[in-house]
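# Fold and contact review
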Amino acid sequence: MGETNPANLKIYLPSSDKPKDPMQVVVKREASIEDVIGYILYQYCHEGRTPLLSDELSSVVRWNLRIGEDDGESDDDLPGMEWTKVP
C-alpha cells in the first residue's frame, strides 16, 4: 500500500538540458535528504533526462538539495539542506 501522506516535491535541475522543466517527485515524509537526492537521481535516469549522468555524477554525495524560488532559481541566500534533515 502507498504512503498515506507523501511529500510532493517540485525539483528543478539547473544542470539538465531543460532547467525550467521541473521534475515531480513524491517521497515519504520521513525520507532523509540523502534518500530524496537518491530518488531524484533514480527518477532522472528512469525518465531518460539529459544530459546522461556519468558514474561519478550518479553518486548521491556529488549533489545537494537547495530551496528554490517559484521560478526554479536557487535561493543562494540559504545553504544547501543538511543531510540529516527531512524535507
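Residues numbered from 1 in each chain as written. Predicted model: local features only at pLDDT ≥ 70, side-chain atom pairs only at ≥ 80, totals over all residues. Heavy atoms only, no water.

### Let's talk about the packing of aromatic side chains
Where we set the bar: Ring pairs shown here join Phe, Tyr and Trp side chains whose ring centres sit within 6.5 Å, with only the six-membered ring taken for Trp; geometry is labelled stacked below 30 degrees between planes, edge-to-face above 60, and tilted in between. Runs of E in the DSSP output that reach at least two residues are strands. Runs of H or I that reach at least four are helices, and both are numbered from the N terminus.
Considering all chains together, one arrives at one aromatic pair under this definition. Taking 5.9 Å as the distance between ring centres and 35 degrees as the angle between the ring planes, the aromatic pair formed by Tyr39 and Tyr42 counts as tilted. Of the two residues, Tyr39 and Tyr42 are both situated in helix α1 (residues 33–46); the distance of three residues between them amounts to about one turn of the helix.

### A few points about the side chain of Ser16
In plain terms, the rule: Buried, partly exposed and exposed residues are distinguished by accessible area as a fraction of the type maximum, computed with a 1.4 Å probe on protein chains only: under 20%, between the cut-offs, and over 50%, respectively. Here a polar contact is taken to be a pair of N or O atoms separated by no more than 3.5 Å, where protein atoms must pair a possible hydrogen donor with a possible acceptor and residues adjacent in sequence count only if both atoms sit in side chains. By definition, residues are in contact when any of their heavy atoms lie within 4.5 Å.
Tracing the backbone through its elements, the reader meets Ser16 in the loop between β1 (7–11) and β2 (23–27). Judged by relative accessible area, which is 10%, Ser16 ranks as buried. Within the structure, Ser16 has its side chain in polar contact with the backbone oxygen of Leu13 (distance 2.9 Å). At 3.3 Å, the side chain of Ser16 and the backbone nitrogen of Lys18 are in polar contact. Discounting chain neighbours no more than four positions away, the residues touching Ser16 are Tyr44, Thr50 and Pro51.

### Describing the environment of Ile40
Residue placement: Ile40 occurs in helix α1. Between the C-alpha atom of Ile40 and that of Val25, which follows or precedes it by 15 residues, the distance is 7.1 Å. If we ignore the near neighbours within four places in the chain, the residues touching Ile40 are Ile11, Leu13, Met23, Val25 and Leu65.

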